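Observations on chain architecture
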Amino acid sequence: QLQLVESGGGLVQPGGSLRLSCAASGGTLDYYAIGWFRQAPGKEREGVSCISRIGGTRSYADSVKGRFTISRDSGKNMIYLEMNSLKPEDTAVYYCAASRGVGNCFRVPYDYWGQGTQVTVSS
C-alpha cells in the first residue's frame, strides 16, 4: 500500500519561499500520476500542480503558474513543490497525492493521500 508523508510547511512572510517535500513508501512514484493540492479553511480543496503518469506533463493552477515548481526525484522516491513569491492567498493545508489514472493529471482520481502540512503566509 502506497503511503505518502509531507513535510516542509511553516510560517513565511509575503514574498518569501518554501519547499515542500513528500516521501513515498510501499510503491514507486514513477508508476503514478502525482500532484499537490491545498485546502484553506471554509474552502474546497483545489489542485495546485501535478505530473501525469504517462509523458510526465506538468500542469499548474493559474493562480500559482510562474511561482511554483513541481518536481520528482526518482532515486529518492520523493516529490517536491518549490513555492516562491508567496502570497497570503496561498495560506492552506497542502497535500501530496498519487493516482493510477492516465490522462490529464488534474482529471484523474487520486487514491493515495498524505496527511497534509500547514503553510501560512503572513507578515
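For the structure, check the block above.
Quick summary incoming for the structure in this document.

Rules used throughout
Residues numbered from 1 in each chain as written. Predicted model: local features only at pLDDT ≥ 70, side-chain atom pairs only at ≥ 80, totals over all residues. Heavy atoms only, no water. Helix = DSSP H or I, 4+ residues; strand = E, 2+ residues; numbered from the N terminus. Rg over C-alpha atoms; globule rule 2.2 N^0.38 Å. Buried < 20%, exposed > 50% of the residue type's maximum accessible area, 1.4 Å probe, protein only. Contact = heavy atoms within 4.5 Å. Areas by Shrake-Rupley, 256 points an atom, 1.4 Å probe, with all protein chains shown as cover. Lys, Arg positive; Asp, Glu negative; His and termini not counted. Charge placed at Lys NZ, Arg CZ, Asp CG, Glu CD. Pairing = 2+ DSSP bridges. Axes fitted to C-alpha atoms, helices over the stretch in contact; angles between N-to-C directions. Disulfide = S-S within 2.5 Å.

Focus: the overall build of the protein
Within the protein, the regular secondary structure consists of 0 helices and 11 strands. Counting helices and strands in the order they occur from the N terminus, the protein gives β-β-β-β-β-β-β-β-β-β-β. For 123 residues, the compact-globule formula gives about 14 Å, and the C-alpha radius of gyration of the protein, at 13 Å, lands near that figure. Based on the C-alpha atoms only, the size of the protein along its principal axes is roughly 40 × 25 × 25 Å. Buried positions account for 46% of the 123 residues belonging to the protein. Within the protein, contacts between residues separated by at least 24 positions form 60% of all contacts whose residues are at least 6 apart in sequence. On the protein, roughly 6,400 Å² of surface is accessible, and the fraction owed to carbon and sulfur atoms is 45%. Separation of charge centres in the protein, based on 13 positive and 10 negative side chains, amounts to 3 Å.

Quick word on the pairing of strand E3 (residues 18–25)
Both strand E1 (residues 3–7) and E3 contribute to a ladder of 5 bridges, which runs antiparallel. When the sheet's bridge partners are listed, serine 7 is paired in E3 with serine 21. Relative to strand E8 (residues 78–83), E3 runs antiparallel, the two sharing 6 bridges. Bridge pairing links arginine 19 to glutamate 82 in E8.

Description of the sheet that holds strand E7 (residues 68–73)
As summarised here, the arrangement of the 4 strands in space is E1-E3-E8-E7, forming an open sheet in which the pairing is antiparallel. In this open sheet, the two strands that pair with only one neighbour each are E1 and E7. Across the sheet, the axes of successive neighbouring strands diverge by a mean angle of 15°, strand direction being ignored.

Focus: the state of the cysteines
Enumeration according to the criterion identifies 2 disulfides in this entry. Linked covalently through their sulfurs, cysteine 22 and cysteine 96 form a disulfide whose S-S length is 2.0 Å. One disulfide, between cysteine 22 and cysteine 96, carries an S-S torsion of 55° and so falls in the right-handed class. Here cysteine 96 lies in strand E9 (residues 92–99) and cysteine 22 lies in strand E3, a separation of 74 residues in the sequence.

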